[in-house]
Amino acid sequence: MNTAGALGNSYVMPAGLIDSIAMTFASSLVKMRRFADWYQLMHPEEKKKIAALAALEYVKPGSIIGIGTGSTVNHFIDLLAEKMPGEIEAAVSSSEASTERMQQQGIRVIELNDAGRLSIYVDGADESSHQLHLIKGGGGALTREKIIAAASDQFICIADESKLVDTLGNFPLPVEVIPMARNLVWQALKGLGGNPAWREEFVTDNGNIILDIHGLRIDNPLELEDQINQITGVVSVGLFARRPANVLILGGDSGVQKIEV
Ligand code: 5RP
């Protein structure tokens with residue numbers, strides 16, 4: 001059918017022109033989206049990275065430091081190797097994964113038993129309260145993390161701003177458990193009001209299992225940490241209230257924010 005004829009004397013836009021207008025419009029949308037991303041929405045990985053970068057200021061040359069586990073800590077390891085190559089004597093690692101990454105980056109890793117007291121421990125968190133009580137263990141490394149935190153003078157926690165909460169518990173609370181005690185501990189945790197779930201097909205670096213407690217509102221973290229630690233078969237709980245962070249460094253759209261208690 002002849003479109004021009006059907007429309008009488010009205011103007012018919014050539015198909016090529018329509019395509020070109022459509023392409024210009026689509027490309028403008030992409031540019032506007034990129035601008036919005038750049039202007040106001042920092043990528044979550046960037047937020048973790050600026051928090052990790054800010055933590056370098058706490059690293060003393062020649063010291064032995066503790067290093068945790070997770071995606072935020074991975075940025076810290078990479079930045080430590082890049083910005084302070086060979087400047088620390090060694091690191092104590094909270095997981096096989098972090099040990100491997102540090103060794104790839106040329107950072108010497110030693111055992112805690114050979115290190116003595118550590119000046120700082122740098123690690124991430126799954127949630128932090130304003131009192132710097134933490135939920136940790138999303139990556140399953142909670143027990144070694146707790147040990148290294150206990151052996152360190154200062155715990156520098158690094159995270160993106162989404163981790164700061166008014167009340168802990170939205171993130172399921174990890175508990176490391178001796179495998180044969182799984183059902184026994186599950187029952188006891190249920191009695192505390194939570195809804196424990198077995199993290200199936202996951203084995204910790206210590207050969208144990210993880211139960212994640214869903215549906216908790218943690219109004220008294222100190223008390224809950226003590227109660228869970230009392231359950232026979234529990235190795236450790238990812239509630240860091242008895243040993244909270246000393247400094248929380250949060251990366252966000254407007255830069256880095258530090259909270260100290
Ligand atoms: C691992 C942890 C991590 O610190 C926590 O899960 C946060 O990880 P990420 O930096 O990837 O958000 O406790 O056991």
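Keep in mind that what you see is a predicted model, and the values were worked out from it rather than measured.

Undergrad: Describe the overall build of the chain, with residues and values.
TA: When you go through the chain residue by residue, the secondary structure sums to 8 helices and 13 strands. Burial statistics for the chain: of 261 residues in total, 45% are counted as buried. Accessible surface, the chain: about 13,700 Å² in total, of which carbon and sulfur atoms supply 53%.

Undergrad: Describe the pattern of salt bridges, and please don't skip the residues or the numbers.
TA: This structure, assessed with the given rule, holds 15 salt bridges. Here R108 makes a salt bridge to E89, at a shortest N to O gap of 3.8 Å. In this pair, R108 is assigned in the loop between α5 (96-104) and β3 (118-123) and E89 in the loop between α4 (71-83) and β2 (90-93), connecting sequence segments 19 residues apart. Among the residues examined, R108 registers a relative accessible area of 47% and is labelled partly exposed. Linking E96 and R144 is a salt bridge whose minimum nitrogen-to-oxygen distance equals 3.3 Å. Here the residue E96 occupies a position in helix α5, and R144 occupies one in helix α6 (residues 142-150), the gap between them amounting to 48 residues. In this structure, a network of salt bridges that share partners links the residues K47, E161 and D253.

Undergrad: Just give me the short version of the nonpolar core, but keep the residues and values in it.
TA: Core analysis: the biggest nonpolar cluster contains 26 residues, and I67, F76, L80 and I249 have the highest contact counts within it. Elements represented by at least two residues in this core include exactly α3 (44-55), β1 (64-67), α4, β3, β6 (152-160) and β12 (247-252). Sort the elements by how many residues they give to this core and α4 lands first, with 6 residues. Excluding its chain neighbours within four sequence positions, the residues that come into contact with F76 are A52, A55, L56, V59, I65, I67, V122 and I158.

Undergrad: Any details on unusual backbone geometry? Residues and values, ideally.
TA: A positive phi is found at L132, a non-glycine position, where the angle reads about 65 degrees. Along the polypeptide, L132 turns up in the loop between β4 (127-128) and β5 (134-135). Phi is positive for E201, which is not a glycine, with a value near 60 degrees. In this fold, E201 is placed in the loop between β8 (195-198) and β9 (209-214). Overall, the relative accessible area of 82% leaves E201 in the exposed class.

Undergrad: Let's hear about the packing of aromatic side chains: which residues, and what values?
TA: Throughout the structure, instances matching the rule amount to 2 aromatic pairs. With a centroid separation of 5.1 Å and an interplanar angle of 50 degrees, the aromatic rings of Y121 and F155 are classed as tilted. With Y121 in strand β3 and F155 in strand β6, the pair connects residues that are 34 residues apart, well separated along the chain. On the basis of relative accessible area, F155 is assigned to the buried category, the value being 0%. Ring centres 6.3 Å apart and planes at 65 degrees place the aromatic pair F155 and F240 in the edge-to-face group. On the criterion of sequence distance, the pair formed by F155 in strand β6 and F240 in strand β11 (residues 239-240) is long-range, its members being 85 residues apart. This pair shows no difference in class: F155 is buried, exactly as F240 is. Members of the aromatic cluster, each reached through a chain of ring pairs, are Y121, F155 and F240. Directly above the aromatic system of F240 lies the positively charged group of K136, at a separation of 5.7 Å from the ring centroid. Taking NZ or CZ as reference, K146 lies 5.3 Å from the ring centre of F240, over its face.

Undergrad: Lay out the sheet that holds strand β7 (residues 173-177) in plain terms, naming residues and giving numbers.
TA: What the 4 strands build is an open sheet, ordered β8-β9-β7-β10; its pairing is antiparallel. Of all the strands in the sheet, the pair left with one neighbour each is β8 and β10 (234-237). Pairs of neighbouring strands in the sheet enclose a mean axial angle of 30 degrees, with direction left out of account. Pairing of β7 with β9 involves 5 bridges; the strand directions are antiparallel. Residue pairing in the sheet places P174 in a bridge with D212 of β9. The strands touched by helix α7 (residues 182-191) are β7, β8, β9 and β10; relative to β9, the strand with the most contacts, the crossing angle is about 15 degrees.

Undergrad: Now, about the environment of N229: what can you tell me, with residues and values included?
TA: Summarising the element assignment, N229 is placed in helix α8 (residues 221-229). N229 gets classed as partly exposed once you look at its relative accessible area, which sits at 37%. Sequence spacing of N229 and V175 is 54 residues, and the spatial spacing of their C-alpha atoms is 9.4 Å. Aside from chain neighbours lying at most four places away, what touches N229 is S236 and V237.

Criteria and thresholds
- Along each chain, residues carry numbers from 1 onward, in the same order as the chain's sequence is written.
- With pLDDT at 70 or above as the cut-off, local features in this predicted model cover only qualifying residues; side-chain atom pairs require 80 or more to be listed or tallied, and sums for whole chains, interfaces and linings still use all residues.
- Excluded from the side-chain calculations are hydrogens and water; all other atoms, namely the structure's heavy atoms, are used.
- In this text, helices come from DSSP runs of H or I with a minimum length of four residues, and strands from runs of E with a minimum of two, each type numbered from the N-terminal end.
- Three exposure classes are used, based on accessible area relative to the maximum for each residue type with a 1.4 Å probe and protein chains only: buried under 20%, partly exposed in between, and exposed over 50%.
- Surface exposure here means Shrake-Rupley accessible area, sampled with a 1.4 Å probe, where a residue is shielded only by the protein chains that are shown.
- Salt bridge, as used here: a side-chain nitrogen of Lys or Arg that lies within 4 Å of a carboxyl oxygen of Asp or Glu.
- In this description, a nonpolar core means a group of buried Ala, Val, Leu, Ile, Met, Phe, Trp, Tyr and Cys residues linked to one another through side-chain atoms lying within 4.5 Å.
- Any two residues having at least one pair of non-hydrogen atoms within 4.5 Å are treated as being in contact.
- Whether two aromatic rings pair depends on their centres lying within 6.5 Å, for rings of Phe, Tyr and Trp, where Trp uses its six-membered ring; planes under 30 degrees apart make the pair stacked, over 60 edge-to-face, and the rest tilted.
- Placement of a charge over a ring requires the Lys NZ or Arg CZ to be within 6 Å of the ring centre, with the centre-to-atom vector within 35 degrees of the ring normal.
- For two strands to be treated as a pair, DSSP must find at least two bridges joining them.
- Interaxial angles span 0 to 180 degrees and are taken between N-to-C directions of axes, which are lines fitted to C-alpha atoms, for helices over the stretch in contact.

These values are about where atoms sit, not about what they do.
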